[in-house]
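# Notes for the structure review
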Amino acid sequence: MFNKKTIDDIDVRGKNVVVRCDFNVPLKEGKITDDTRIVAALPTIKKLIADGGRVILCSHLGKPKGTVKEELTLAPVAQRLSELLGQDVKFAKDNEVVGENARKAAAEIKDGEVVLLENTRFRPEEEKNGEDLSKDLASLGQIFVNDAFGTAHRAHASTVGVANFVEVAVVGYLMEKEINFLGNAVDNPVRPFAAVLGGSKVSSKISVIDNLLEKVDILVIGGAMAYTFVKAAGGKVGKSLVEDEYLEYAANMVKKAADKGVKLLLPVDTVVAPEISDDAPFKTVDIMEIPDDMIGVDIGEKTIELFADALKDAKTVIWNGPMGVFETKNFAKGTEAVAKVLADLDAVTIIGGGDSAAAVNQLGFGDKMTHISTGGGASLEFLEGKGLPGVDIIAEK
Ligand code: ADP
Ligand code: MG
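Residues numbered from 1 in each chain as written. Chains lettered and ligands numbered in written order. Predicted model: local features only at pLDDT ≥ 70, side-chain atom pairs only at ≥ 80, totals over all residues. Heavy atoms only, no water.

## Remarks on the packing of aromatic side chains
Scanning the model with the defined rule gives two aromatic pairs in all. Where Tyr 246 meets Tyr 249, the ring centres are 6.4 Å apart and the plane angle is 85°; that geometry is what we call edge-to-face. Ring centres of Phe 282 and Phe 331 lie 5.9 Å apart, and the angle between their planes is 90°; this geometry places the pair in the edge-to-face category. Here Phe 331 lies in the loop between β15 (316-320) and α10 (333-344) and Phe 282 lies in the loop between β12 (269-273) and β13 (283-286), a separation of 49 residues in the sequence. (Phe/Tyr/Trp six-rings, centres within 6.5 Å; stacked < 30°, edge-to-face > 60°. Helix = DSSP H or I, 4+ residues; strand = E, 2+ residues; numbered from the N terminus.)

## Looking at the packing of helix α7 (residues 225-232) against helix α8 (residues 247-260)
Interhelical geometry of α7 versus α8 gives an angle of 85° and a closest axis separation of 8 Å. Considered as vectors, α7 and α8 are oriented roughly perpendicular to each other. In this structure, α7 contributes Thr 228, Phe 229, Lys 231 and Ala 232 to the contact, and α8 contributes Leu 247, Ala 250, Ala 251, Met 253 and Val 254. When its residues are assigned to classes, the contact of α7 with α8 shows seven nonpolar, one polar and one charged. (Axes fitted to C-alpha atoms, helices over the stretch in contact; angles between N-to-C directions. Parallel < 35°, antiparallel > 145°, perpendicular 65-115°, else oblique. Contact = heavy atoms within 4.5 Å. Nonpolar A, V, L, I, M, F, W, Y, C, P; charged D, E, K, R; others polar.)

## Section: the site of ligand 1
Near ligand 1 you find 19 residues, and of these Lys 205, Gly 296, Glu 327, Asp 355 and Ser 356 are the closest. At 3.4 Å, a backbone N or O of Gly 354 approaches an oxygen atom of ligand 1. Asp 355 is positioned with one of its side-chain polar atoms (N or O) 2.8 Å from an oxygen atom of ligand 1. Elements that contribute at least two residues to the shell around ligand 1 include exactly β14 (295-299) and α11 (354-362). The element contributing the most residues to the shell around ligand 1 is α11, with three residues. Of the residues contributing to the shell around ligand 1, the split by class is six nonpolar, ten polar and three charged. (Near = heavy atom within 4 Å. Polar contact = N/O pair within 3.5 Å; in protein donor to acceptor, adjacent residues only side chain to side chain.)

## Quick look at the sheet that holds strand β5 (residues 89-92)
Read from one edge to the other, the open sheet built from six strands follows the order β5-β6-β4-β1-β7-β8, with strand pairing classed as parallel. Edge strands, defined here as strands with exactly one partner in the open sheet, are β5 and β8 (168-171). Ignoring which end each strand starts from, the neighbouring axes of this sheet average 25° apart. In terms of strand pairing, β5 meets strand β6 (residues 114-117) through four bridges, oriented parallel. In the sheet register, Val 89 faces β6, and the bridge partner there is Val 114. Strands β1 (16-20), β4 (54-58), β5 and β6 of the sheet are contacted by helix α3 (residues 100-108), whose axis makes an angle of about 145° with β5. (Pairing = 2+ DSSP bridges.)

## Points about the nonpolar core
Phe 23, Ile 45, Leu 57, Leu 81, Leu 117 and Leu 219 are the most contacted members of the largest nonpolar core, which totals 90 residues. For this core, the element with the highest residue contribution is helix α1 (residues 36-50), accounting for six residues. For this core, the domains that each give at least three residues are domain 1 (7-177) and domain 2 (189-383). Leaving out residues up to four positions away in the same chain, Leu 117 has contacts with Ile 56, Leu 57, Cys 58, Leu 74, Phe 91, Ala 92, Val 97, Val 98, Ala 102, Leu 137 and Leu 140. By size, the runner-up hydrophobic cluster in this structure holds 27 residues, among which are Val 196, Val 220, Ala 339 and Leu 345. (Core = buried A, V, L, I, M, F, W, Y, C linked by side-chain atoms within 4.5 Å. Buried < 20%, exposed > 50% of the residue type's maximum accessible area, 1.4 Å probe, protein only. Domains from an automatic or database assignment.)

## Here's the deal with the environment of Lys 31
Looking at the secondary structure, you find Lys 31 in strand β3 (residues 31-32). The exposed category is assigned to Lys 31, whose relative accessible area is 59%. Along the primary structure Lys 31 and Ile 109 are separated by 78 residues, whereas in three dimensions their C-alpha atoms are 28 Å apart.

## What about the domain arrangement of the chain?
If you check the domain split of the chain, you get domain 1 (7-177) and domain 2 (189-383). One C-alpha centre belongs to domain 1, the other to domain 2; they are set 36 Å apart. Across the boundary between the two partners, domain 1 contributes nine residues, which contact eight residues of domain 2. Across the pair Glu 381 and Arg 154 runs a salt bridge whose closest N-O atoms are separated by 4.0 Å. Elements supplying a minimum of two residues to the side of domain 1 that touches domain 2: α1 and α5 (173-187). Tallied by class, the residues present in the side of domain 1 that touches domain 2 amount to three nonpolar, two polar and four charged. (Salt bridge = Lys/Arg side-chain N within 4 Å of Asp/Glu carboxyl O.)

## Let's talk about helix α12 (residues 376-383)
With seven of eight residues buried, α12 is to be regarded as a mostly interior element. Among all positions of α12, only Gly 376, Ala 378, Ser 379, Leu 380, Glu 381, Phe 382 and Leu 383 are buried. Buried residues in α12 make contact with α5, α6 (206-213), β15 and α11. Directly after α12, the chain includes Gly 385, whose backbone phi takes a positive value near 85°.

## Considering the side chain of Lys 205
Here Lys 205 lies in the loop between β9 (193-197) and α6. As a buried residue without a salt bridge, Lys 205 has its nearest oppositely charged side chain in Asp 355, at a separation of 7.2 Å. Contact partners of Lys 205, with chain neighbours within four places excluded, come to Gly 198, Met 225, Asn 320, Gly 321 and Leu 380. (Lys, Arg positive; Asp, Glu negative; His and termini not counted.)

The structure is reproduced here in structure tokens:
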């Protein structure tokens, strides 16, 4: 159970509260193209405003790597946030993040007002968890709230260091919600518990597979990852994405699943094409017989049926990794079919991983899932069973 202190456990009235949010939004020509992450931060900000806190927000945006990159200013976020909150959000524009403007704003701020600081990654100490920036941020308030689940897996000045120099550090509602959903699903699942794994590489998901294999009843593997398993089993994989260094690992995994009584399902057929493009001709072949000049790009019809049948009684499903190259319309069918299966299940359905979340939203199933994590990398590290430094630093209740 989640037992860290949250914003419900503190009194913020009249206090300056430094809140680390995840405002790392996609921008195009200075305009925000998707404000999901800003919207996700609203419950915490509104609660602090309602309780009479003096709210000082900070976040990173993009990868300026410790230098000032004007195109990565948080100014557009301040504006969007003002619109969403229906109240003024003062932007303290300091290239050094905590400079003259931020200090002045922090000194003058009144109960229920909101200030946003400049991009924390304009400072080189941010990603090094440097003490100077940690202390600068902490000097603006008495309370620190970490609500940035998307960067909770990084020990940075604004996610971890700052917590050492304030009176009290707690988590916000978004962080609490993410950890509760992911944590309960992994550690306290209603069974049968299934994991559906896909995506591009076995190598990037090894720790996820290892961790989940200890916990699930059913493990479904699709996406490009499957072809390494197919080759390990003696199948012909053509030009499919295969990691030869992981053949032995894949073979061992199959054995381990059998030993543990975990039902491991791999594709039985696959859509193949000579290249990854919407103009390419494609057909479905047996999984063990991919022609030499073809690439496996999606799971086939029989596999969709097999996976749907295996998942139909599941009560908890965690999904990470698309079933095919869903960015190409012709090869999105497998991912769409699995999304539909999950959407129709009477089960807790959790989506982790940046591309998986994008796929589910893009295919229109976003509101049919129990929880879609807002943190790509962080949700993966969580599924790997690793602690999150940005959460570990928070005191327990
Ligand atoms: P996530 O971000 O959800 O953790 P990954 O980054 O592991 O997911 O994988 C997503 C990528 O995997 C997508 O870009 C998708 O095109 C790719 N992918 C899925 N199936 C295949 C395949 N058969 N061949 C090549 N790429 C694939
Ligand atoms: Mg990805």
